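Chains, contacts and geometry: an overview
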Amino acid sequence: MRIDESLAAVVTGGASGLGLATVKALRAAGAKVAIFDLNPEHGQAAAAETGAVFCQCDVLSDESVDAAFARARAANGQERALVSCAGGGNAISTTRRDRQTGAISFFPSDKFEWVLRLNTVGTFRCVTRSAAGMMTLDPIDGERGAMVNTASAAATDGQMGQAAYAAAKAAIIGMTLPIARDLAREGIRITTIQPGIFATPPMLRNPEMVQALGATVPFPKRLGDPSEFASMALELLRNGYMNGETVRLDGAIRMPPR
Ligand SMILES: NC(=O)c1ccc[n+]([C@@H]2O[C@H](COP(=O)([O-])OP(=O)(O)OC[C@H]3O[C@@H](n4cnc5c(N)ncnc54)[C@H](O)[C@@H]3O)[C@@H](O)[C@H]2O)c1
């Protein structure tokens, strides 16, 4: 896929962190970009900074996602690229005994489900809509479009408290190949990035943790820079033979139990 002025792209979670870095890289290459994000304040600021279009969007809702795609396509034309970064998690023990009181509590089902709905279903919802739009396009060099999902190192080495997040991100990895197979006939590729630990706002809120976590990365001994994620996302869009696969991007870290 050529990334230049002729390309329209959608980035979910594009108002912050890995998504925002991807928006900046796509804009630097000349692409027209629509930012789908829940946070209007950050979304508008990101759009003003990058020259992208902000479409407020909750990936948990069909109506909201449909409206955002309509708005993005009215502004930029039908997208050929989708990068899904909207996501997040929680940290709750499966079942635990309080050390002081001895009280036993467990992971509430609604909080578990929310993480799956946000990461897995939210990503899939955007993939289905985007693929439907891409199918209306004429192929360029045999290809109608390409998509990149965001999983996490937690998908394969989830830490204590990450049962829901690990399950949600493992599901994103699991669905990558069947989606690639479903969309192959239409000339649409899909891949997933499995990031380690990146220096984004949720991480940067705790500078001591950043230092400690950085030291645990084999090489380079630091957190990933969001621009390194963006660089990988653009290569996965560009490289026409890359399909149905997940790529770790993590300085060789394997997460310990806690
Ligand atoms: N930063 C890391 O170390 C790291 C590591 C592995 C995976 N990830 C994954 O990368 C993705 C981006 O994380 P980040 O660190 O850049 O976080 P971030 O908080 O900086 O950005 C996430 C963005 O998603 C948006 N968002 C959240 N819920 C949404 C919803 N329902 N609808 C639309 N937008 C929504 C937020 O408003 C925010 O702008 C997430 O999926 C995260 O799980 C991050």
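What comes next concerns the included structure. Values in this document were obtained by computation on a predicted structure and should not be read as measured data.

What about the nonpolar core?
Judged by nonpolar contacts, the single largest core of 31 residues is most densely connected at L26, F229 and L237. Elements with a minimum of two residues in this core: strand 1 (8-12), helix 1 (17-28), strand 2 (32-37), helix 2 (40-50), strand 4 (81-84), strand 7 (145-150), helix 9 (226-238) and strand 9 (246-249). Broken down by element, the residue count for this core peaks at five residues, all from helix 9. Contacts of L26, omitting those with residues within four sequence positions, involve I3, L7, A9, V11, A31, V33, L234 and L237. Formed by 27 residues, the second largest nonpolar core is a distinct cluster that contains L82, V127, I179 and I190.

Remarks on the site of the ligand
The immediate surroundings of the ligand are formed by 29 residues, with S16, D37, Y165, F198 and T200 found nearest. In this structure, L18 approaches the ligand through a main-chain N or O atom, which is 2.8 Å from an oxygen atom. Summarising the interface, the protein chains cover 89% of the accessible area of the ligand, which totals 820 Å² for the free molecule. Of all the secondary-structure elements, those providing two or more residues to the shell around the ligand are helix 1, helix 6 (163-183) and helix 7 (201-204).

Remarks on unusual backbone geometry
Here the bond from F219 into P220 is cis, since omega is -5 degrees, no more than 30 degrees from zero. Inspection of the secondary structure assignment puts P220 in the loop between helix 8 (207-215) and helix 9. A positive phi is found at D141, a non-glycine position, where the angle reads about 50 degrees. Structurally, the position occupied by D141 is in the loop between helix 4 (109-134) and strand 7. Exposure remark for D141: the relative accessible area of 74% places this residue in the exposed category.

Here's the deal with the packing of aromatic side chains
Any aromatic ring pair is given by two values, namely how distant the centres are and how the planes are angled relative to each other. One pass over the full model with this rule turns up three aromatic pairs. Here F36 and F69 contribute two aromatic rings whose centre-to-centre distance is 4.9 Å and whose plane-to-plane angle is 70 degrees, an arrangement assigned as edge-to-face. One end of the pair, F36, is in strand 2; the other, F69, is in helix 3 (residues 62-76), and 33 residues separate them in sequence. Here the two residues F36 and F69 agree in accessibility, since each one is buried. Measuring from ring centre to ring centre gives 5.6 Å for F107 and F112, while their planes differ by 75 degrees; the resulting arrangement is edge-to-face. With a relative accessible area of 9%, F107 lands in the buried category.

A word on helix 2
One turn of the α-helix equals 3.6 residues, which is why residues spaced by three or four share an orientation. Listing the buried residues of helix 2 in full gives G43, A46, A47 and T50. Angularly, the buried residues of helix 2 cover 100 degrees about the axis, an arc narrow enough to put them on a single face. Set apart from the buried face of helix 2 by more than 90 degrees, the exposed residues are E41, A48 and E49. Of the surrounding secondary structure, the elements contacted by the buried residues of helix 2 are helix 1, strand 2 and strand 3 (53-56). Taking the backbone nitrogen of E41 as reference, a side-chain oxygen 3.1 Å away marks N39 as the first, capping residue of helix 2. Following helix 2 by one or two positions, G51 has its phi on the positive side, about 80 degrees.

Rules and cut-offs
Residues numbered from 1 in each chain as written. Predicted model: local features only at pLDDT ≥ 70, side-chain atom pairs only at ≥ 80, totals over all residues. Heavy atoms only, no water. Core = buried A, V, L, I, M, F, W, Y, C linked by side-chain atoms within 4.5 Å. Buried < 20%, exposed > 50% of the residue type's maximum accessible area, 1.4 Å probe, protein only. Helix = DSSP H or I, 4+ residues; strand = E, 2+ residues; numbered from the N terminus. Contact = heavy atoms within 4.5 Å. Near = heavy atom within 4 Å. Polar contact = N/O pair within 3.5 Å; in protein donor to acceptor, adjacent residues only side chain to side chain. Areas by Shrake-Rupley, 256 points an atom, 1.4 Å probe, with all protein chains shown as cover. Phe/Tyr/Trp six-rings, centres within 6.5 Å; stacked < 30°, edge-to-face > 60°. Arc of directions from axis to C-beta.

Structural measurements only, silent on function.
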